[in-house]
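# Descriptive analysis of the structure
So the chains spell out like this:
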Amino acid sequence: MTTPSSTPSLIKEEVSSSLASSSSIPISVEPKQDDTTSRKRKHEGDDDNDVVKKEMKKETSDSTTVLPPPTSTASTTSTESTSTASIKDEATPMNTDDVPVRREDTPNLDLTIYHLPAYMDHKGLTKLLREHNIPHKKCKKIARQDMGWVFFESIEQRDAGKEKLQSITLKGNTLRCEPKLRKDPNGNNNNNNNNRNKNNKNNKNRDNNNNNNAEGDVKPESTIPAPPVNINDVVAEYWQKPYPEQLKIKGEKVQQVINNIARKIRDDSKHKAPLWAKDAPFIPFEGVKICAATSKYRSKLQFTIGLDVHGKICVGFMLGRIGKGNKCVGAPHGAVMISDVSMNIRDSVQSFLETSAFPHYSYSTHSGFWRLLTLKAFPKSGEIMVIMQINEKGRTKEEVDAEMNRFSTYMQSAPTKIKSLMYQNHEGVANDFPADIPCHLLFGTPYVHEFLLGQKFRVSPHAFFQVNTLGAEVLYSTVRDWSDCANYDTLLDICCGTGTIGQCMASSVKNVVGIELSQEAINDAIINAEENKHTNIKYVCGKVESVLHRILSSLPPGRVIGVVDPPRPGLNKDVLLGIRACAQIERLIYVSCEPTSLITDCSTLCRAESKSAKGAPFVPIKSIAVDMFPHTSKIEMITLFERQVSPLPSTKSVASSTPSSSSSSSSSSSPPSSSSSPTSSSTTSSSSTTPISTLSDKKEEETATPSAADSTSPIKTEAEDK
């Protein structure tokens, strides 16, 4: 009787010998298993009989494989190894668990999102997905572009997320989702339905056929994209909407920003959120102010010089982003924001370039001469500055001088008279107007002037000045009325540029201090103050966070109000923390040309005090919008902040000595009411030229008739605030 431990080995030997005699193929016989292996199998739940059955089944399956007979005896030996491999490949079942799944065989669970705000970052995209309850695995936002990616864990999750995303509208643009592009092992794109990929492929083919010359943007007719119905589709996305509808959309956009501000402050403050931030929205919104001019309003324009859809040189607007494969320029005729004067200048430059032997700059080969045309045509002063950007690379100085002299002579004889003609040499690849590259004067003066609220301002090539003069007057009038600067001793004009805001308010305040990083703008501001005969203004060039404390320490005792007008990305966080830490600043007016950037900045100013955010927080009092960019999705937003009055033992605050803050410590958790609110005066000053949508008459009456508690304290009680 055979022992159980030897049974598997004996049976395997019999089966092996049978197979060897029938197929003449060498079979490797496994060594006899020891008792340790047998005990291990018993411990795992398989007895010896089960093991025997499994081994017999496997060997029998191998033996039933039919193999082709060898062609000759001589070739039998040489084909033994091949036949053995064939038996192993054909007879042995494939274990799918061991085979890696190819990426192209798996469902595409990734989406590409388009029409996101260009300045949104990764945190902003994550927050957007969280706010709309869109489950996902991970996401990524492409910096300074309007696209991002979202990765999901299942097809159902992807489809549900796509439906929610495509129902979201940001900055007037509805999000669009497409499957994320993939590449197969050969490097080809598997997504043949994606139009952007097709366009990029066509652009690449056109670039390879341009023979690396400066005229490389000429495209075959078969690859020329269809031109837009109207150039306004590119530069004025709201141009087909009735103007009241535009105002409604922009008002809803600002209201959504206000709601997000409340949510952001609560999230950042956590359990320390102030009472006035409990219920959203907590900032009264006074509607949208409109400007006197809703068309032909832009005083500054930048035209790209390239080829149109027919391959001819054109001075106009890019029909899409260069980074997305577009290289076509569209003529600007018919654009709703371009004045007749600017269009005449553009046409003169167009006529000259058609006669020039120097080619345009190609963004495919990064070569060529003519690049960018910048115009500053101010409506009130009538002065015009023209700046031509060129690329001198590959040209001798003599060639450049001769061509620019010819351009200067031509423009001096143009029908529209120009006060300043300059040029800038830019050899970088980006399509921009770098502020750190100087401009060279061809004829005239190196600056122009414009009038604003009775003040005269000098504007240099790189100095910032509002692109809508009539709109800027509405904007600055509102800032001046809301500031109530007559009751303050010092006005801080932060990010002052050429000093427009501070000088428009200088007659109502004792001292004005402007802070600006650009030395060229500071030089203009100093000259502007002298021409406008302001003797109470001082300008400092430097970073705000570095010079703010030094400036405040040198000021005489008194109340301080600040005004900030930052670029679209908003203020640097260090600047915000510096403003908040300066307890002397009792009131702050924030002018935002991109309301979405105000969300984070407002949270830094208003959230609960912490180790990083030192100083008593500010309280947002009210907001209003000014439509300085009709027919586009852009809008300016003004928000008034007041310091939350709560004595800080470690901070010496001048505000504690003023009557308006002496009796306000009892309600530090509620927002201070603007007892000197200039709502009515603001409406009166602008009603002669522009209408304004404000709060209801009932609420205005309540504001105009303060209660007894309001007459003694600028802080509302919780009941009054509700």
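Quick note: structure is the one above.
These notes cover the structure that comes with them. Quantities reported herein were computed from a predicted structural model and do not represent experimental measurements. (Residues numbered from 1 in each chain as written. Predicted model: local features only at pLDDT ≥ 70, side-chain atom pairs only at ≥ 80, totals over all residues. Heavy atoms only, no water.)

### Comments concerning the packing of aromatic side chains
To keep things clear, this is the line we draw: Centre distance within 6.5 Å is the pairing criterion for rings of Phe, Tyr and Trp, where only the six-membered ring of Trp is used; planes under 30 degrees apart are then read as stacked, over 60 as edge-to-face, and the remainder as tilted. Put simply, DSSP marks the helices as runs of H or I at least four residues long and the strands as runs of E at least two long, and each gets a number from the N terminus on. When a residue's accessible area, from a 1.4 Å probe over protein chains only, is under 20% of the maximum for its type it is buried; when over 50% it is exposed; and in between it is partly exposed.
If you walk through the whole model with that rule in mind, you get 10 aromatic pairs. With 4.8 Å between their ring centres and 90° between their planes, Phe358 and Phe369 make a pair best called edge-to-face. One end of the pair, Phe358, is in the loop between α10 (340-355) and β11 (370-377); the other, Phe369, is in the loop between α10 and β11, and 11 residues separate them in sequence. Residue classification places Phe358 among the buried residues on the basis of a relative accessible area of 12%. An angle of 75° between the planes, with centres 5.5 Å apart, marks the rings of Phe378 and Phe465 as edge-to-face.

### Looking at the side chain of Ser356
Condition: N or O atoms within 3.5 Å of each other form a polar contact, as long as, within protein, one can give a hydrogen and the other can take it, and as long as residues adjacent in sequence are counted only when both atoms are side-chain atoms. Contact definition: two residues touch when any of their heavy atoms are within 4.5 Å.
Position of Ser356 relative to the elements: it lies in the loop between α10 and β11. Looking at Ser356, its side chain comes within polar contact range of the side chain of Glu403, at 2.7 Å. Setting aside chain neighbours within four positions, we find Ser356 in contact with Trp370, Glu403 and Arg406.

### A word on the pairing of strand β18 (residues 511-516)
We apply this condition: A pair of strands counts as paired when DSSP detects no fewer than two bridges linking them. We call a crossover right-handed when, viewed with the strands running away from us, the connection from the first strand over the helix to the second turns clockwise.
Among the 6 residues that make up β18, 5 are buried, leaving the element largely enclosed by the rest of the structure. Bridging between strand β17 (residues 490-494) and β18 involves 5 bridges; their strand directions are parallel. Bridging from a neighbouring strand, Leu491 pairs with Val512 of β18. The pairing of β18 with strand β19 (residues 537-541) spans 5 bridges and is classified as parallel. When the bridges of β19 are listed, Val512 appears paired with Ile537. Read as a crossover between parallel neighbours, the route from β18 over helix α14 (residues 519-531) to β19 is right-handed.

### Overview of the sheet that holds strand β2 (residues 138-141)
Our working definition: Lines are fitted to the C-alpha atoms to define the axes, a helix being fitted only along its stretch in contact, and any angle between axes, read from their N-to-C directions, falls within 0 to 180 degrees.
With antiparallel pairing, 4 strands are arranged side by side in an open sheet as β2-β3-β1-β6. The open sheet has two edge strands, β2 and β6 (176-179), and neither has a second partner. On average, each strand axis in the sheet is inclined to that of its neighbour by 20°, with strand direction left out of account. Note: strand β1 (residues 110-114) against β6, 4 bridges, orientation antiparallel. For Ile113, the partnering residue across the bridge sits in β6 and is Cys177. Relative to β2, helix α5 (residues 122-131) is tilted by about 135°, and along the sheet it contacts β1, β2 and β3 (147-151).

### Some words on the sheet that holds strand β22 (residues 618-627)
The strand order across the open sheet built from 8 strands is β7-β22-β23-β21-β20-β17-β18-β19, with neighbouring strands paired in mixed fashion. The strands lining the two open edges of the sheet, one partner per strand, are β7 (285-290) and β19. Neighbour-to-neighbour, the strand axes of the sheet open up by a mean angle of 20°, direction not taken into account. Where β22 meets strand β23 (residues 636-643), 8 bridges bridge the pair, whose relative direction is antiparallel. Each bridged residue has a counterpart across the sheet, and for Pro620 the counterpart in β23 is Phe641. Contacting β21 (585-592), β22 and β23, helix α17 (residues 595-606) crosses the sheet at an angle of about 165° to β21.

### Quick look at the packing of helix α16 (residues 573-581) against α17
Note the following rule: Note on terminology: angles under 35 degrees are roughly parallel, angles over 145 are roughly antiparallel, angles of 65 to 115 are roughly perpendicular, and the others are oblique. Crossings are assigned a handedness: left-handed for a near helix turned anticlockwise from the far helix by less than a right angle, right-handed for a clockwise turn. For this scheme, ten residues count as nonpolar: Ala, Val, Leu, Ile, Met, Phe, Trp, Tyr, Cys and Pro. Four count as charged, namely Asp, Glu, Lys and Arg, and the remainder, Gly too, count as polar.
With their axes 9 Å apart at the nearest point, α16 and α17 run at an angle of 30° to one another. Comparing the axis directions of α16 and α17 gives the class roughly parallel. For the element pair α16 and α17, the recorded crossing hand is right-handed. Contact residues: α16 offers Leu576, Leu577, Ile579 and Arg580, while α17 offers Asp601, Thr604, Leu605 and Cys606. By residue class, the composition of the contact of α16 with α17 is 5 nonpolar, 1 polar and 2 charged.

### Looking at unusual backbone geometry
A positive phi is found at Leu453, a non-glycine position, where the angle reads about 50°. Here Leu453 lies in the loop between β15 (448-452) and β16 (455-459). A positive phi angle, close to 60°, is found at Lys533, a residue other than glycine. On the secondary structure map, Lys533 appears in the loop between α14 and β19. Since its relative accessible area comes to 70%, Lys533 is described here as exposed.

### Comments concerning the pattern of salt bridges
Stated formally: A side-chain nitrogen of Lys or Arg and a carboxyl oxygen of Asp or Glu constitute a salt bridge if their distance falls within 4 Å.
What the rule picks out here adds up to 16 salt bridges. A salt bridge links Glu131 to Lys127, with the shortest nitrogen-to-oxygen separation between them at 3.8 Å. Placement of the pair is Glu131 and Lys127 together in helix α5, with a separation of 4 residues, close to one helical turn. Judged by its relative accessible area of 33%, Glu131 falls in the partly exposed class. Among the ionic contacts, a cluster of salt bridges with common partners joins Lys127, Glu131 and Arg263.

### Quick notes on the environment of Ala581
Its place among the elements puts Ala581 in helix α16. Given a relative accessible area of 32%, Ala581 falls into the partly exposed group. Through-space distance from the C-alpha of Ala581 to that of Ala616 is 7.7 Å; in sequence the pair is 35 residues apart.

### Remarks on the nonpolar core
Buried together is how nonpolar side chains tend to be arranged in soluble globular proteins. Our working rule: Nine residue types can take part in a nonpolar core, namely buried Ala, Val, Leu, Ile, Met, Phe, Trp, Tyr and Cys, and a core is a set of them joined through side-chain atoms within 4.5 Å.
Ranked by internal contacts, the top residues of the largest apolar core, which has 82 residues, are Trp370 and Phe407. Within the second largest apolar cluster, 44 residues are counted, among which are Tyr243, Ile258, Phe285 and Val564.

### Side note on the layout of surface pockets
Rules: Think of a 1 Å grid over the protein atoms and nothing else: a 1.4 Å probe that fits but is trapped marks a cavity, an open set flanked by protein within 12 Å on at least five of seven lines marks a pocket, and residues with an atom within 4 Å of a point count as lining. Grid points are joined across faces, edges and corners, and a volume is the space filled by probe spheres set on the points.
Its volume calculated, the second largest pocket comes out at about 1,600 Å³. What lines the second largest pocket is a set of 49 residues, among which Met120, Gly124, Thr596, Ile599 and Thr600 lie closest to the centre. For the lining of the second largest pocket, the secondary-structure elements that each account for two or more residues are α5, β4 (169-170), α9 (243-269), α16 and α17. Top element by residues in the lining of the second largest pocket is α9. It accounts for 10 residues. Residue composition of the lining of the second largest pocket, grouped by class: 15 nonpolar, 15 polar and 19 charged.

### Quick word on the side chain of Arg346
Its place among the elements puts Arg346 in helix α10. You can call Arg346 buried: its relative accessible area is 4%. In contact with Arg346, not counting residues within four places along its chain, are Phe303, Cys314, Val315, Ala331, Pro332, His333, Leu373 and Leu375.

### A few points about helix α15 (residues 544-553)
As a reminder of what qualifies: The arc in question is the one spanned by the directions pointing from the helix axis to the C-beta atoms.
All of the buried residues in α15 are Val544, Val547, Leu548, Ile551 and Leu552. Take α15 and look down its axis: the buried residues cluster within an arc of 130°, on one side only. Among the exposed residues of α15, those oriented more than 90 degrees off its buried face are Ser546, Arg550 and Ser553. Buried residues belonging to α15 abut β17, β18, β19, β20 (560-564), α16 and β21.

### Looking at the environment of Ala236
Structurally, the position occupied by Ala236 is in the loop between α8 (232-235) and α9. When its relative accessible area of 0% is taken as the criterion, Ala236 is described as buried. For the pair Ala236 and Phe629, spaced 393 residues apart in sequence, the C-alpha to C-alpha distance is 9.2 Å. Sequence-distant contacts of Ala236, that is, excluding residues within four places in its chain, are made with Val336, Met337, His631 and Thr632.

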